[in-house]
Amino acid sequence: MLSTSSIVKPLPPEWFVDHDTNAEMRWDATADLGYRTPNERFFVRNHTATPRIDAKTWRLRVFGSGLLGAPGIEQAIEFDYRQLRSLPGYELEAVIECAGNGRRLFAQQQGTPAPGTPWTVGAVGLARWRGVRLAEVLNRAGIRGDAVEIMPQGLDANYVEDGVDHGHVRRPLPVGKALDDTLLAFEMNGEPLPPDHGYPVRLVVPGWVGVASVKWLGQIEVANHSLVSPWNSTWYRMTGPDYPPEGSPLTRPAVKSVFQLAWDACVPASAVTVLTGRSWSGSAPIRQVDVSTDGGRSWQPANLRGPNRRDGWVRWELPWRPTRSGPHTLLARAVDENDTRQPDTVPFNEGGYLFWAVVRHPVTVVG
Ligand SMILES: Nc1nc2c(c(=O)[nH]1)N[C@H]1C(S)=C(S)[C@@H](COP(=O)(O)O)O[C@H]1N2
Ligand SMILES: [Mo]
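Residues numbered from 1 in each chain as written. Chains lettered and ligands numbered in written order. Predicted model: local features only at pLDDT ≥ 70, side-chain atom pairs only at ≥ 80, totals over all residues. Heavy atoms only, no water.

J.: Explanation requested: the sheet that holds strand β20 (residues 300-301) in the structure shown.
T.: Overall, mixed pairing links the five strands, which are arranged β17-β24-β23-β19-β20 in an open sheet. The sheet terminates laterally at β17 (265-268) and β20, the two strands that pair on one side only. (Pairing = 2+ DSSP bridges. Helix = DSSP H or I, 4+ residues; strand = E, 2+ residues; numbered from the N terminus.)

In structure tokens form, the structure reads like this:
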């Protein structure tokens, strides 16, 4: 077992790669899994450590200038766990992906390392989330027509970096997205949220970078003006020589593809191996996935399987019978229904966010 005390669930090394307070899912261990990622396999991204929260004493506080009320008096309303669970339920399936997923590839593929958790491509998972629509709660709290942004905040410990205390994890979200399809989730794949994934209640912001889906939710500020936190002003925005200095906070990641195969996997020569993988986009279903087994010289369309919806991913496969032994580079390139196609390279950004170029996956054909 890996020993990171910041995560509660077991992290067997055959399922996870240890990144200190974070745990990356190993795609090569997912061949037997269905469409959704089981809770015990789901990657964990913790700025600090998983807090243990008692649902009986837990409260969600909703407050701020974006709520109806008498002028000059701050409005605030609290919901407890039972009240929340008694509201009309809502379910959705959504991918949660860390904005830094693929960060290691800025170094490995483009020669420009970026600081931060060196994820390969396993900081992503898909679950069925059940809870209540955030719109339901905001409407009951009396959100004003001129509210602009909300700021959900976690109950985990303050995030301290290089001696600077940045406070609790919190990130502004525009009211439009909050009222559209954002969920206050208390179940993940039919079970109460596991501690590491936000128990008792987390936000799920479909199609947006993972950091928007604040875990262990304790309060939501609703404001009639725009809001700022380090999570939208310092981190989780694109900065660097190819980006305008003011930048803009990350919202939807673009298109990505992965093979469900170990890095440097061995594949038998003169036998058929069915290559399997998944592709997803933050904005639309996937139209097509092309696979190359010869380093990008020739491409063949993969067969798409099963569900293929916006906010989800699609499974695909392609049988491959290698004829030559030795090192090979596999590539998978997806295009979504908005015509967004994975590029060969992406411009560098200092945070190492949103690596969405085609991944060059090394394998060795043996025998
Ligand atoms: N309160 C809180 N919410 C959080 C985080 C955190 O550290 N604290 N990490 C965020 C980030 S960066 C990501 S990618 C997702 C990861 O969700 P998971 O750990 O359930 O996979 O949670 C987000 N919500
Ligand atoms: Mo993240």
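J.: I tried to follow the domain arrangement of the protein chain on my own but got confused; where do I start?
T.: Domain parsing of the protein chain yields domain 1 (4-235) and domain 2 (256-366). Its C-alpha centre places domain 1 at a distance of 28 Å from the equivalent point of domain 2. Between domain 1 and domain 2, the residue contacts involve 36 residues of the former and 32 residues of the latter. Between domain 1 and domain 2, a total of about 2800 Å² is buried, with carbon and sulfur atoms accounting for 58% of that surface. The largest share of the area that domain 1 buries against domain 2 comes from W27, Y35 and F106, three residues that together contribute 26% of it. Our count for the contact surface shared by domain 1 and domain 2 stands at three salt bridges. In this structure, E93 engages R309 in a salt bridge whose closest nitrogen and oxygen atoms are separated by 2.7 Å. Counting the contacts that link domain 1 with domain 2 gives 14 residue pairs in polar contact (both at pLDDT 80 or more). (Domains from an automatic or database assignment. Contact = heavy atoms within 4.5 Å. Buried area = accessible area lost by both parts, 1.4 Å probe. Salt bridge = Lys/Arg side-chain N within 4 Å of Asp/Glu carboxyl O. Polar contact = N/O pair within 3.5 Å; in protein donor to acceptor, adjacent residues only side chain to side chain.)

J.: Sorry, what's going on with the site of ligand 1 here?
T.: In the vicinity of ligand 1 there are 19 residues, among which F43, D156, H197, R202 and K215 approach most closely. Between ligand 1 and the protein, one listed contact pairs a nitrogen atom with a backbone N or O atom of S213 at 3.1 Å. Calculation on ligand 1 without its partners gives an accessible area of 530 Å², and the protein chains cover 100% of this total. Using a 2 Å cut-off from the grid points, one finds that ligand 1 occupies the largest cavity. Residues belonging to the shell around ligand 1 are distributed by class as follows: nine nonpolar, six polar and four charged. (Near = heavy atom within 4 Å. Areas by Shrake-Rupley, 256 points an atom, 1.4 Å probe, with all protein chains shown as cover. 1 Å grid on protein atoms, 1.4 Å probe; cavity = no way out; pocket = protein on both sides within 12 Å on 5 of 7 lines; lining within 4 Å. Sits in = over half its atoms within 2 Å of the grid points. Nonpolar A, V, L, I, M, F, W, Y, C, P; charged D, E, K, R; others polar.)

J.: Just checking my understanding: could you explain the sheet that holds strand β4 (residues 59-63) for this structure?
T.: Sheet strands pair by backbone hydrogen bonding; their relative direction is either parallel or antiparallel. The five strands are arranged β5-β4-β15-β8-β11 in an open sheet whose pairing can be described as mixed. Looking at which strands have only one partner, the edges of the open sheet turn out to be β5 (76-80) and β11 (173-174).

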